[in-house]
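Tertiary structure, described
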Amino acid sequence: MISRAILILVLLILSVPAAVRACTCSQESPGQCPGLQASDVVFLGTVTAVEDIAYTAPKASDSAADSAAPAPPVEIIAARLTRYQFRVNERFAGPGAPEDTHEMDIFSGGDDGDCGYRFKVNEQYVVFTRQGTEGRLFATICSGTRPVSEARALVPQLRAMRNGQRVASVFGVLRRADPPFLALPDDPEDPIGNVSLKLRSRDDRFETSTDANGIYSFYDVHAGEYSFTAHLPPRTELTQKALTGGLPPFKIPNGACYEYDVVALSTGHIRGSVVGANGKPLAIASVEI
């Protein structure tokens, strides 16, 4: 609804493959922002308990049957289902007032297979749900659900939608990151504050700055194809995690609300030789800077 996966967050009723198949999430281009709907259940909450549940679902056979034939055989499918109990800290959509707090059960796994989201006890998340069988609410890795630490730019926009206020056309976080082959797997990305950003199309120019947490927002951006630039130090390139080069231009329609996180990647190089104790260059050496 709001970006890539967020654009589909509460509008998409996900058709998920069987558990034996790998999970593939749709990557949608920026779209219009319809806002949160009355039937959506979106909240910020803390996981208080986790329980694995034995789950079986009947599935009708593909055998052809007519009204005169006996009922087709039924295949019983067993799947792992996990129930996560949440303490709701803030509601963005769904039953109850925004300030209401109570417990809510969210499920993951089952027919969702590898798409199921794995929550951790005592951790806080922004949760987007979809309606499953028997009235259960499910969360998947494709719906936009994420730890609250990764939703700093998103939460203000969800509050604005809920309260009927103006929503940003393009928003996100600017972070500093090491090149993929140098970064440690759990190396945190540092937000970059107070950086000037620009959106430019053939006809329009928009400018803003990141705040102390690296969050930025562009408002009232018209439809068009835009390039995204930042006032960064030399030999630094704007890119995204999934890209190997700079940022390509992107198109948005009127009324968009597009989440667009970017990283500042160093492109500097060091050239030289590592000299051994004998004063001669080493053929192979490990260097840490």
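Just above sits the structure.
Residues numbered from 1 in each chain as written. Predicted model: local features only at pLDDT ≥ 70, side-chain atom pairs only at ≥ 80, totals over all residues. Heavy atoms only, no water.

Describing the packing of aromatic side chains
Two descriptors summarise a pair of aromatic rings, namely the distance from one centre to the other and the angle between the planes of the rings. Stated precisely, the cut-off is as follows: The pairing test for Phe, Tyr and Trp rings, Trp by its six-membered ring, is centres within 6.5 Å, and the orientation test on the planes gives stacked under 30 degrees, edge-to-face over 60, and tilted for anything in between. A ring is scored as having a charge over it whenever the NZ atom of a lysine or the CZ atom of an arginine sits within 6 Å of its centre and within 35 degrees of its normal.
Within the structure shown, the criterion is met by 15 aromatic pairs. Their ring planes at 65° and their centres at 5.3 Å tell us that F250 and Y258 sit as a pair that is edge-to-face. Every member of this aromatic cluster is reached through a ring pair, and the members are F43, Y84, F86, Y117, F119 and Y125. Taking NZ or CZ as reference, R136 lies 5.1 Å from the ring centre of F107, over its face.

Describing the nonpolar core
Stated formally: The set of buried Ala, Val, Leu, Ile, Met, Phe, Trp, Tyr and Cys residues whose side-chain atoms join them within 4.5 Å is what this entry labels a nonpolar core. Whether a residue is buried, partly exposed or exposed follows from its accessible area with a 1.4 Å probe, protein chains only, as a fraction of its type maximum: under 20%, in between, or over 50%, in that order. Secondary structure follows DSSP: runs of H or I at least 4 residues long count as helices, runs of E at least 2 residues long count as strands, and numbering of each begins at the N terminus. In this analysis, two residues are considered to be in contact whenever any of their non-hydrogen atoms come within 4.5 Å of each other.
Formed by 22 residues in total, the largest nonpolar core has its most connected members in L174, L199, F218, F228, F250 and Y260. Residue assignment for this core shows that the elements contributing at least two residues are strand 8 (170-177), strand 10 (196-200), strand 12 (215-218), strand 13 (224-230), strand 15 (250-252) and strand 17 (262-266). Excluding residues within four positions of it along the chain, F228 makes contact with L197, K198, L199, Y216, F218, L238, L247, F250, Y260 and V262. If you look at the next biggest cluster of nonpolar residues, it comprises 18 residues, including V42, A93, A168 and C257.

Re unusual backbone geometry
The phi dihedral of N122 falls on the positive side, at around 75°, and the residue is not glycine. Within the element layout of this structure, N122 appears in the loop between strand 3 (103-109) and strand 4 (124-128). Given the relative accessible area of 62%, N122 is considered exposed. Phi at D220 is positive, roughly 55°, even though this residue is not glycine. Summarising the element assignment, D220 is placed in the loop between strand 12 and strand 13.

Here we look at the pattern of salt bridges
Formally: What makes a salt bridge here is a side-chain nitrogen of Lys or Arg within 4 Å of a carboxyl oxygen of Asp or Glu, nothing more.
Per the stated rule, a full pass over the model turns up six salt bridges. A salt bridge links E51 to R83, with the shortest nitrogen-to-oxygen separation between them at 2.2 Å. Taken together, the residues E51 in strand 1 (residues 42-60) and R83 in strand 2 (residues 74-93) connect sequence positions 32 residues apart. The class for E51 is partly exposed, based on a relative accessible area of 37%. Residue R83 is classed as partly exposed on the basis of its relative accessible area of 27%. R202 serves as the salt-bridge partner of D203, at 3.9 Å between the closest nitrogen and oxygen. We classify D203 as exposed; its relative accessible area is 61%. Judged by its relative accessible area of 78%, R202 falls in the exposed class. Connected via shared salt-bridge partners are E90, R159 and R162.

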